Amino acid sequence: MAMKLFYAPASPYTRKVRIAAIEKGLHGKIELVTAPPAKNLPELHKANPLGGIPALLLENGEGLYDSAVICAYLDSLGETPRLIPASGMEKFRVLRGEALADGLMDSAVAIVYERRRTDAEISQGFIAKHTKGIERALAAMNTEIETLPEAIDLRHVAFGAALGYISFRLPEIDWRKTYPGMQKWFETLSARPSLKETEPKDNS
Ligand SMILES: N[C@@H](CCC(=O)N[C@@H](CS)C(=O)NCC(=O)O)C(=O)O
């Protein structure tokens with residue numbers, strides 16, 4: 001029995017996990033199960049009582065969540081490439097980079113969900129607050145990219161998933177024009193099979 005990854009093709013957090021799995025050469029050991037949270041699949045709830053995706057069901061029946069825990073687990077399964085350094089300050093820089101990308105995704109997903117509410121319910125203040133957060137995160141990411149090593153680590157994976165999601169769902173945030181260096185970096189990264197195979201698609 002393979003591990004099962006509950007995912008949705010538009011979810012940036014599940015894309016991060018899928019990119020990591022492909023980079024680690026583990027994707028052949030993971031069965032993908034489409035599980036948009038709105039479908040309330042009992043199997044997903046067994047793997048993750050919070051009902052969110054991604055969730056990874058291990059062969060022993062245990063569930064792992066959220067995306068950061070799953071990425072750390074997958075990284076522990078094989079030596080190379082090492083996505084998270086084993087120790088030292090660089091380990092925490094990598095994890096901080098992942099947190100930056102995850103926070104950016106949190107704000108982007110919050111805006112996408114908010115816009116699905118009725119006109120009377122939508123809070124423009126809420127959207128503006130999260131847009132500002134995204135802008136600050138993009139500026140920080142742009143600075144970090146200059147210091148990234150060439151060899152892929154979890155920052156490349158997480159930044160790629162976050163930038164891809166902004167372009168997919170919030171194209172009006174034109175980070176490519178504001179940060180041409182990051183656009184070039186993203187283009188090079190996007191040529192990797194792991195990013196090509198996981199490009200975001202609408203769930204329905
Ligand atoms: N911190 C979580 C966030 C995961 C998350 O928010 N996933 C979204 C989908 S992109 C979700 O499951 N939302 C619940 C829902 O749509 O009801 C992680 O990194 O895995």
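Keep in mind it's a predicted model, so treat the numbers as computed, not measured. As a convention, each chain's residues are numbered from 1 in the sequence order in which they are written. It should be noted that, the model being predicted, local features are given only for residues of pLDDT at least 70 and side-chain atom pairs only at 80 or more, the latter also being counted only at that level, while totals for whole chains, interfaces and linings use all residues. Note: side-chain values were computed over all heavy atoms of the structure, leaving out hydrogens and water.

Across its full length, the protein chain holds 9 helices and 4 strands. Segments assigned H or I by DSSP are reported as helices when at least four residues long, segments assigned E as strands when at least two residues long, and all are numbered from the N terminus. Tracing the protein chain from N to C terminus, the helices and strands come up as β-α-β-α-β-β-α-α-α-α-α-α-α. Atoms counted for the radius of gyration: C-alpha only. Globule rule: 2.2 Å times residue count to the power 0.38. On C-alpha atoms alone, the protein chain measures out to a radius of gyration of 17 Å, which is about the 17 Å that the 2.2 N^0.38 rule sets for 204 residues. Considering only C-alpha atoms, the protein chain reaches an extent of 45 × 40 × 30 Å along its principal axes.

Here the focus is the pairing of strand β1 (residues 3-7). To sort residues, take the accessible area from a 1.4 Å probe on protein chains only and compare it with the maximum for the residue type: under 20% means buried, over 50% means exposed, and anything in between is partly exposed. Extensive coverage of β1 is indicated by the burial of 5 of its 5 residues. The alternating pattern of β1 places Met3, Leu5 and Tyr7 and Lys4 and Phe6 on opposite faces, both of which are buried. What makes two strands pair is DSSP finding at least two bridges between them. Inspection of the sheet shows β1 paired to strand β2 (residues 30-34) by 5 bridges, in the parallel sense. Within β2, the position partnered with Leu5 by the bridge is Leu32.

A separate point is the domain arrangement of the protein chain. According to the domain assignment, the protein chain consists of domain 1 (3-77) and domain 2 (89-196). In this structure, domain 1 and domain 2 have C-alpha centres spaced 20 Å apart. When two components associate, each loses some accessible surface as probed by a 1.4 Å sphere; the sum of these losses over both components is called the buried area. When the two sides are added together, the surface that domain 1 and domain 2 hide from each other amounts to roughly 1,300 Å², 65% of it contributed by carbon and sulfur. Within this document, salt bridges are pairs made up of a side-chain nitrogen of Lys or Arg and a carboxyl oxygen of Asp or Glu, the two lying within 4 Å of each other. Along the contact surface separating domain 1 from domain 2 lie 3 salt bridges. The partner of Arg192 in a salt bridge is Glu23, and the shortest N-O contact between them spans 2.8 Å. In the analysis that follows, any N or O atom pair within 3.5 Å is treated as a polar contact, provided that within protein one partner can donate a hydrogen and the other can accept it, and provided that, for residues neighboring in sequence, both atoms belong to side chains. Applying the counting criterion to the domain 1 and domain 2 interface returns 6 residue pairs in polar contact (both at pLDDT 80 or more). For the side of domain 1 that touches domain 2, the leading source of residues is helix α1 (residues 12-23), giving 8 residues. Here the nonpolar group is Ala, Val, Leu, Ile, Met, Phe, Trp, Tyr, Cys and Pro; Asp, Glu, Lys and Arg are the charged ones; every other residue, Gly included, is treated as polar. Of the residues assigned to the side of domain 1 that touches domain 2, the class counts are 8 nonpolar, 1 polar and 3 charged. Reported domain spans reflect what an automatic or database domain assignment gives.

With that settled, the discussion passes to the sheet that holds β2. The strand order β2-β1-β3-β4 describes an open sheet built from 4 strands, whose pairing is mixed. Strand pairing shows two members of the sheet lacking a second neighbour, β2 and β4 (63-64), which therefore form its edges.

By volume, the largest pocket amounts to about 410 Å³. Of all the secondary-structure elements, those providing two or more residues to the lining of the largest pocket are α1, α4 (89-115) and α6 (154-169). Top element by residues in the lining of the largest pocket is α4. It accounts for 4 residues. Residues belonging to the lining of the largest pocket are distributed by class as follows: 12 nonpolar, 4 polar and 4 charged. If you count residues domain by domain, the lining of the largest pocket takes at least three from each of domain 1 (3-77) and domain 2 (89-196). With a 1 Å grid laid over protein atoms only, a set of points is called a cavity when a 1.4 Å probe fits there but cannot get out and a pocket when it is open yet has protein on both sides within 12 Å along at least five of seven lines; lining residues have an atom within 4 Å of a point. Grid points are joined across faces, edges and corners, and a volume is the space filled by probe spheres set on the points. A volume near 210 Å³ is recorded for the second largest pocket. Ile145, Leu148, Pro149, Glu150, Ile152, His156, Trp185, Thr188, Leu189 and Arg192 together form the lining of the second largest pocket. The dominant element in the lining of the second largest pocket, judged by the number of residues it contributes, is helix α8 (residues 180-190), at 3 residues. Taken together, the residues that form the lining of the second largest pocket break down as 6 nonpolar, 2 polar and 2 charged.

Only a single heavy atom is needed: when it lies within 4 Å of a molecule or strand, its residue is near that molecule or strand. Taken together, Ser11, Pro12, Tyr13, Pro37, Gly52, Ile53, Pro54, Asp66, Ser67 and Tyr113 make up the full set of residues adjacent to the ligand. Here a nitrogen atom of the ligand sits 2.8 Å away from a polar atom, N or O, in the main chain of Ile53. Side-chain polar atom of Tyr113 to an oxygen atom of the ligand: 2.7 Å apart, as the coordinates give it. Tallied by class, the residues present in the shell around the ligand amount to 6 nonpolar, 3 polar and 1 charged.

Once that is clear, we can look at unusual backbone geometry. Cis geometry is adopted by the peptide bond preceding Pro54, which originates at Ile53 and carries an omega value of 5°. On the secondary structure map, Pro54 appears in the loop between α2 (42-47) and β3 (55-57).

The subject of this paragraph is the pattern of salt bridges. Inspection of every chain in the model, using the stated rule, returns 14 salt bridges. Close ionic contact of Lys16 with Asp102 constitutes a salt bridge, the shortest N to O distance being 2.9 Å. Residue Lys16 is found in helix α1, and its partner Asp102 is found in helix α4; the two are separated by 86 residues along the sequence. By the burial criterion, Lys16 is buried, and Asp102 matches it. Overlapping salt bridges, with partners in common, bring together Glu90, Arg93, Asp153 and Arg155 in one network.

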